[in-house]
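# Inside the fold
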Amino acid sequence: MTANPEVIEGVAPQPGSDVEDPGLVKGVVKLPGVLFVAIATMAPGAGAAYSISTGAMFGGGALALSVVFALVGSLLVATAIGQLAKHMSSAGGLASYVGTSMHDAAGFVVAWAYPFMYLFALPYLALVFGNLLATTVVPDGGSGFTLVWTVGALICLAGAFATNYFGVEIGVRFGLILGLVEITVMVVMSVWMICTSGDTNSLSLFTTSHANIPGFEGISGVIAASVYGFLAFIGFEAAAPLAEETQNPRRNVPRAVVLSCLIIGLFYVLTAYASTVYFGPDKMADFMTYNGGNAWIGLAKTLWGRGWIVLVVVLMISSFACMNAAALAATRSMWAMGRSGTIPSFFGRVHPRWRSPSKSIIVFFVLGTILTLVGGYVWDPVTAYSVFGTALTVCVLPIYFVTALACPLYYLRYRRSELNVFLHVIVPVLGAILLVPAFLAGAGIAIVSFATPLSWPLSLAGPVVGAWYVIGIGISIYLFMRRKASLHRLSESTVDIEPAAPATAGSAGGAADGAVRPPGLVAP
């Protein structure tokens, strides 16, 4: 059935809210657009050149096999998210899934952490962009280097702000175009390297025989390397917060989540294999130190001569496209919280012309710019983006973990007749388990051999993220005790409302009036 349009727009007025607010524009994003938002958020160019390549320190010549492992794990989590997106559509995204499946308060904690996670992405990507530009233009360093990276970072931030502020269609279009550019260039380079390698090409690179790093021989090295492969997949869920602006979201959002993970996973396998066979599987232990830590640029110099500058441009494009897409996802989550009343209604306003969550976008980019400049000048661009990247990783993996576990709970509680034990229980639980080693490595919790304690200032990431989660939990408790209705609204689906099977008594934690509610229905 179709819900009341006023409810769809989220007009359950809060004190001080703007009742005339038109809400986000509905149904303007089609499958290719929402798909490439998720793809761009994964930053495939930078992911292949840096995140995936880091695994070579553990997997050696079996790097491609480790990426296959990471692809399988990521697909498990993406499948779980996709199964939830089939029945729930809201700008709240993962928060709506968790809130409906587990408890409204748990959904708020996810919503609280989600934009915070992507807030770290802004300075991370701006500094990567600025550093790449400065390294290319002023390779000798000095005051000129500082000026160039600063200007480059600010240009990147300003561009992403504009593509977000002036409506979702512009941001999505940029994600589509830039995503195609970076993938095309990296695929061409990978195929070129494979063809140049000639007879050295071998399927043995997909076995453990080339996992030859001392202390990480065989399958242990492959598993350790797959952790860093998994980190490159972060962002495939970014389609979910665009549900309210997506055409037929319960069909297109699940497809975008799963297809983005699969497509970029195959892309990562190709690039990992190509770099390994071209560089030499027996030399991969030195891959991350090659060309001063920019191994792929070094490969491009050998392969294309002066054409290596093309790859630099592609990696800068990858950073910009990722920032644009990450901001799209984060600001929709902020807007959903403002609309629900869990944070000030100021964040739940949209621009009357562009229909973008303009207030959330302004706050988000102002904070991101401050972090960029403070981090870059207190430390340096490389150290700063390492800190922000570590914080992003530590923040996102618990969100994925909880959302994966929300899938079996949702189907067990609300859609028992549709329950498929393999798809709705085994797949998400296994996916959640596979997230644990990635979290330990990213957080530097040294209880496994491939995770080492983080040095200063990377060690800041854990306490800062932990403190933010604690604050979010505290606010959720307050809201549950004083303003249950706002928590309830945050969890609700708001588009394509469909009837659901009645839930069993007592199964809907955190409903506004304490009554049982089926998922997807909007409370009056």
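Keep in mind the model is a prediction, meaning the values are calculated, not measured.

Cut-offs and rules
Residues numbered from 1 in each chain as written. Predicted model: local features only at pLDDT ≥ 70, side-chain atom pairs only at ≥ 80, totals over all residues. Heavy atoms only, no water. Helix = DSSP H or I, 4+ residues; strand = E, 2+ residues; numbered from the N terminus. Buried < 20%, exposed > 50% of the residue type's maximum accessible area, 1.4 Å probe, protein only. Contact = heavy atoms within 4.5 Å. Areas by Shrake-Rupley, 256 points an atom, 1.4 Å probe, with all protein chains shown as cover. Axes fitted to C-alpha atoms, helices over the stretch in contact; angles between N-to-C directions. Left-handed = near helix turned anticlockwise from the far one by under 90°. Nonpolar A, V, L, I, M, F, W, Y, C, P; charged D, E, K, R; others polar. pLDDT = per-residue confidence, 0-100. Phe/Tyr/Trp six-rings, centres within 6.5 Å; stacked < 30°, edge-to-face > 60°. Lys NZ or Arg CZ within 6 Å of the ring centre and 35° of its normal. Core = buried A, V, L, I, M, F, W, Y, C linked by side-chain atoms within 4.5 Å. Salt bridge = Lys/Arg side-chain N within 4 Å of Asp/Glu carboxyl O. Polar contact = N/O pair within 3.5 Å; in protein donor to acceptor, adjacent residues only side chain to side chain. Patch = residues over 30% accessible without salt bridge, like charges linked within 9 Å, V, L, I, M, F, W, Y side chains within 5 Å. Disulfide = S-S within 2.5 Å.

## Re the overall build of the protein
When helices and strands are counted, the protein shows 18 helices and zero strands. Scored against the burial criterion, the 524 residues of the protein give a buried share of 59%. When contacts within the protein are restricted to residue pairs at least 6 apart in sequence, long-range pairs at least 24 apart make up 80% of them. Element-wise, carbon and sulfur atoms account for 69% of the exposed surface of the protein, whose accessible area totals about 19,100 Å².

## Quick notes on the packing of helix α7 (residues 104-137) against helix α17 (residues 461-482)
How two helices sit against one another is set out by the angle between their axes and by the gap between those axes. Contact pair α7 / α17: the axes reach a minimum separation of 9 Å and the direction vectors enclose 145 degrees. For the crossing formed where α7 meets α17, the hand is right-handed. Across from A105, F108, V109, W112, A113, F116 and F120 in α7, the residues of α17 making contact are V464, V465, W468, Y469, I471, G472, I473, I475, S476 and L479. Residue classes in the contact of α7 with α17 are distributed as 15 nonpolar, two polar and no charged.

## Quick word on the confidence of the model for the protein
The predicted model of the protein has a mean per-residue pLDDT of 87, with 90% of residues at 70 or higher. Helix α14 (residues 358-378) holds the highest mean pLDDT among the elements of the protein, 97, whereas helix α1 (residues 5-8) holds the lowest, 34. This stretch, residues 1-19, has a pLDDT under 50; its non-local contacts, to residues over four places away or in other chains, come to 32 contacts.

## Section: the packing of aromatic side chains
Counted by the stated rule, this structure contains 25 aromatic pairs. Ring geometry for F116 versus F120: centroids 4.8 Å apart, planes at 70 degrees, classification edge-to-face. One end of the pair is F116 and the other is F120, both in helix α7 and four residues apart, which spans about a single turn. By way of ring pairs, the aromatic residues F108, W112, F116, F120, F388 and W468 are connected into one cluster. Over the face of the ring belonging to W308 we find K301, whose NZ or CZ atom lies 4.7 Å from the ring centre.

## Describing the nonpolar core
Y118, F236, Y268 and Y400 are the most contacted members of the largest nonpolar core, which totals 168 residues. Of all the elements, α7 adds the most residues to this core, at 22 residues.

## Focus on the pattern of salt bridges
Throughout the structure, instances matching the rule amount to four salt bridges. A salt bridge links E244 to K26; the nearest nitrogen and oxygen atoms lie 3.1 Å apart. Taken together, the positions of E244 in the loop between α10 (219-231) and α11 (249-279) and K26 in the loop between α1 and α2 (31-41) put the pair 218 residues apart, joining distant regions of the chain. Here R339 makes a salt bridge to E244, at a shortest N to O gap of 2.7 Å. Pair noted here: R339 is in helix α13 (residues 308-340) and E244 is in the loop between α10 and α11, with a separation of 95 residues, a long-range link. The two residues R339 and E244 agree in class, both being buried.

## Focus: the side chain of H351
As for its position among the elements, H351 is in the loop between α13 and α14. Owing to a relative accessible area of 17%, H351 belongs among the buried residues under this scheme. Engagement of the side chain of H351 in a polar contact is seen with the backbone nitrogen of R353, the distance being 3.0 Å. Among the polar contacts made by the side chain of H351, one reaches the main-chain amide nitrogen of W354 at a distance of 3.2 Å. For H351, the residues in contact, after removing those within four places along its chain, are Y165, S356 and S358.

## Notes on a nonpolar patch on the surface
A contiguous nonpolar surface patch, about 500 Å² in accessible area, is contributed by I362, V366, L367, I370, V374 and V378. Tracing the backbone shows V378 in helix α14. Taking the relative accessible area as the measure of exposure, V378 reaches 56% and is therefore exposed.

## Some points on the side chain of E244
Relative accessible area serves as the criterion here: at 2%, E244 is assigned to the buried category. Separated by 2.8 Å, the side chain of E244 and the backbone nitrogen of A91 make a polar contact. Here R339 takes part through its side chain, which lies 2.7 Å from a polar atom of the side chain of E244.

## Section: the state of the cysteines
Applying the stated rule across the entire model yields zero disulfides. Of all cysteine sulfurs in the structure, the one in C322 sits closest to C156, which takes part in no disulfide; the separation is 9.5 Å. Given the relative accessible area of 1%, C156 is considered buried.

## Thoughts on the packing of helix α12 (residues 295-304) against α13
Following both chains from N to C, one finds α12 and α13 inclined at 145 degrees, their axes separated by 7 Å at the closest point. Of the residues in α13, those touching α12 at W296, I297, A300, K301 and W304 are W308, L311, V312 and L315. Residue classes in the contact of α12 with α13 are distributed as eight nonpolar, no polar and one charged.

## Some details on the environment of A62
Secondary-structure assignment places A62 in the loop between α4 (56-59) and α5 (63-85). Look at A62 and you get buried, because its relative accessible area is 0%. Along the primary structure A62 and G221 are separated by 159 residues, whereas in three dimensions their C-alpha atoms are 8.3 Å apart. In this structure, A62 is in contact with L205, T207, H210, A211 and V222, ignoring residues within four places of it in sequence.

## Section: helix α6 (residues 94-101)
One full turn of an α-helix is made of 3.6 residues, so residues set three or four places apart face in the same direction. Burial runs high along α6: eight of the eight residues are buried. Turning to α6, its buried residues are L94, A95, S96, Y97, V98, G99, T100 and S101. Contacts made by the buried residues of α6 are with α5, α7, α11, α15 (381-413) and α18 (484-491).

## Concerning the environment of G82
Here G82 shows up in helix α5. For G82 and A240, which are 158 residues apart along the polypeptide, the C-alpha to C-alpha distance reads 8.9 Å.

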